[in-house]
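Residue-level structure breakdown
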Amino acid sequence: MKIYYTDDHLAHHPKAEVHRGKMVTPHEGPHRMDLLMAGMKRAGFTDFTEPPAFDITCLDGVHTPDYIHFVQTAWARWKDAGYAGDVLPMSFPYNPRRAKPPIEIDGAAGYFCSSADTMITETSWTALASTAACALGTVESVAKGESAFALIRPPGHHAGADYMSGYCILNNAAIAAQALLNKGMDRVAILDVDSHHGNGTQDIFYARDDVLFASLHGEPDHHFPYFWGHKDEKGAGKGDGYTLNYPLPAGTHYPAWRNALLDAIAKIRNFKPDALVVSLGVDTFERDPISSFKLKVEDYPAYGADIAKLGLPTSFIMEGGYGVPEIGDNAAGVLKGFSE
Ligand code: Q9C
Ligand code: ZN
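Since this is a predicted model, take the numbers as computed values, not measurements. (Residues numbered from 1 in each chain as written. Chains lettered and ligands numbered in written order. Predicted model: local features only at pLDDT ≥ 70, side-chain atom pairs only at ≥ 80, totals over all residues.)

Quick word on the site of ligand 1
Around ligand 1 sit 18 residues in total, of which His19, Asp117, Pro155, Gly166 and Gly320 are the nearest. Taken together, the residues that form the shell around ligand 1 break down as five nonpolar, eight polar and five charged. (Near = placed C-beta within 6 Å. Nonpolar A, V, L, I, M, F, W, Y, C, P; charged D, E, K, R; others polar.)

Points about helix 7 (residues 254–271)
An α-helical turn contains 3.6 residues, so any two residues separated by three or four positions project in the same direction. Taking 1.5 Å of rise per residue, 18 residues should cover 26 Å, and helix 7 covers 25 Å from first to last C-alpha, within 8% of that figure. Those residues of helix 7 that sit buried are Trp257, Ala260, Leu261, Ala264, Ile265 and Ile268. Viewed end-on, helix 7 has its buried residues packed into an arc of 145°, placing them on one side of the element. Opposite the buried face of helix 7, at more than 90 degrees from it, the exposed residues are Pro255, Ala266 and Asn270. (Helix = DSSP H or I, 4+ residues; strand = E, 2+ residues; numbered from the N terminus. Expected span 1.5 Å × (residues − 1). Buried ≥ 20, exposed ≤ 12 C-beta atoms within 10 Å, placed from the backbone. Arc of directions from axis to C-beta.)

Considering the pairing of strand 9 (residues 275–280)
Taken across its six residues, strand 9 has six buried, putting it largely inside the fold. As paired elements, strand 6 (residues 188–192) and strand 9 share five bridges and run parallel to each other. Bridge pairing in strand 9 places alanine 189 opposite leucine 276. Pairing geometry for strand 9 and strand 10 (residues 314–318), over five bridges, is parallel. Counted as the bridge partner of valine 277 is serine 315 from strand 10. Where the polypeptide runs from strand 9 across helix 8 (residues 299–308) and back to strand 10, its parallel neighbour, the crossover connection is right-handed. (Pairing = 2+ DSSP bridges. Right-handed = clockwise from strand over helix to strand, strands pointing away.)

Digging into the nonpolar core
Across soluble globular proteins, nonpolar side chains show a tendency to be buried alongside one another. Counting residues in each nonpolar core, the largest one holds 100 residues, and the members touching the most others are Ala150, Leu151, Ile175, Ala176, Ala264 and Ile317. A per-element tally of this core places helix 4 (residues 124–143) first, with eleven residues. Setting aside its immediate chain neighbours within four residues, isoleucine 175 contacts Cys58, Leu59, Val62, Ala132, Ala135 and Leu170. (Core = buried A, V, L, I, M, F, W, Y, C linked by C-beta atoms within 7 Å. Contact = placed C-beta atoms within 7 Å.)

Details of helix 5 (residues 172–182)
With nine of eleven residues buried, helix 5 lies mostly within the body of the structure. All of the buried residues in helix 5 are Asn172, Ala173, Ala174, Ile175, Ala176, Ala177, Gln178, Ala179 and Leu180. Remark: glycine 184 follows helix 5 within two positions and exhibits a positive phi of approximately 110°.

Quick word on the packing of helix 7 against helix 8
Between helix 7 and helix 8, the shortest axis-to-axis distance is 11 Å and the interhelical angle comes to 15°. Between helix 7 and helix 8, the interaxial angle falls into the category roughly parallel. Taken as a pair, helix 7 and helix 8 cross one another with a handedness that is right-handed. Between helix 7 and helix 8, the residues in contact are Tyr254, Arg258, Leu261, Leu262 and Ile265 and Asp299, Tyr303, Asp306 and Ile307, respectively. Classifying every residue of the contact of helix 7 with helix 8 gives six nonpolar, no polar and three charged. (Axes fitted to C-alpha atoms, helices over the stretch in contact; angles between N-to-C directions. Parallel < 35°, antiparallel > 145°, perpendicular 65-115°, else oblique. Left-handed = near helix turned anticlockwise from the far one by under 90°.)

Structural notes on the sheet that holds strand 6
Taken in spatial order, the eight strands make up an open sheet running 4-1-5-10-9-6-7-8, and their pairing is parallel. The open sheet terminates on both sides in strands that have one partner only, identified here as strand 4 (48–49) and strand 8 (243–248). As paired strands, strand 1 (residues 2–4) and strand 5 (residues 148–150) are joined by three bridges and run parallel to one another. Each residue of the ladder has a partner; that of isoleucine 3, found in strand 5, is phenylalanine 149. Where helix 4 meets the sheet, it contacts strand 1, strand 4, strand 5, strand 9 and strand 10, and its direction lies at approximately 175° from that of strand 5.

Considerations on the environment of threonine 49
Tracing the sequence through the fold places threonine 49 in strand 4. Sequence-wise, threonine 49 and tyrosine 5 are 44 residues apart; in three dimensions their C-alpha atoms are separated by 6.0 Å. Ignoring sequence-local partners within four residues, the contact set of threonine 49 consists of Lys2, Ile3, Tyr4 and Gly137.

Structural data, given as structure tokens:
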């Protein structure tokens, strides 16, 4: 399996995160890649491929031009305003949003955001372009019928068409799915196994019937992103029935999690997609510092093998997973279980 990777992720390095009332080192930082990479190497993956060049047209139909312009210019505007640190949104539009963002950058940042955990730094765009490029790399492989992995950070599945959230700024899974359709595929399924609901991905494809979105996640009454991911969110218009949510209680262990996975896999099979995109978050692990599921190291290859039974060329897109060395073993474990 090809693994698309580049050091450019280092360009996104936020300085601080406010977490449960405390200033902490961001959970999402370059140290995650060290942990992921170490686990990949322990598992015997040594062959890493540079992604193709970033082509900004890959954002068409995924993110809005106004949002992209905001992301690219936010840091300079923040500095021009005399503000310190990284762009950190604090004021959010309580619905509905007006047609235009405020001019003041503090307000504009909140307009294009839904949670105060996502920062933009001076060089973030370099890292973001690299994550999208790695996603496009997997699309080249999948178009040839081969599965591939985008080993990337920051993650993407909380980012919507025009907002960032939950450490996510560009939605790499959505970019991959849209690129596969652009290559001529008729239907693509996205399976989101991150412990958090993939609200951004859901939102981007909510009214469409060419992308089936299925997500397993901590139920919204107790888990970020809190306002999405209920069972009754099923899609809209012709997209009705093409969004599938599996909210699961805090503390869910593997057997119950797997039951939900097998249901999602059966529905994906009925959809008859040409390809699969997996939003591969490994924050379902029992010792993840910000999540509540109880998966163990041996569960990751097991469910990788379940996903493989779909027999689809698959683009694996790295999402969450924090703080412990096992994130590397677990990401690699899914790929091994899928491949063997
Ligand atoms: N400190 C992913 O796993 N937590 N994102 C908000 C603020 C947000 C996780 C608490 C967690 C987002 C891709
Ligand atoms: Zn997550």
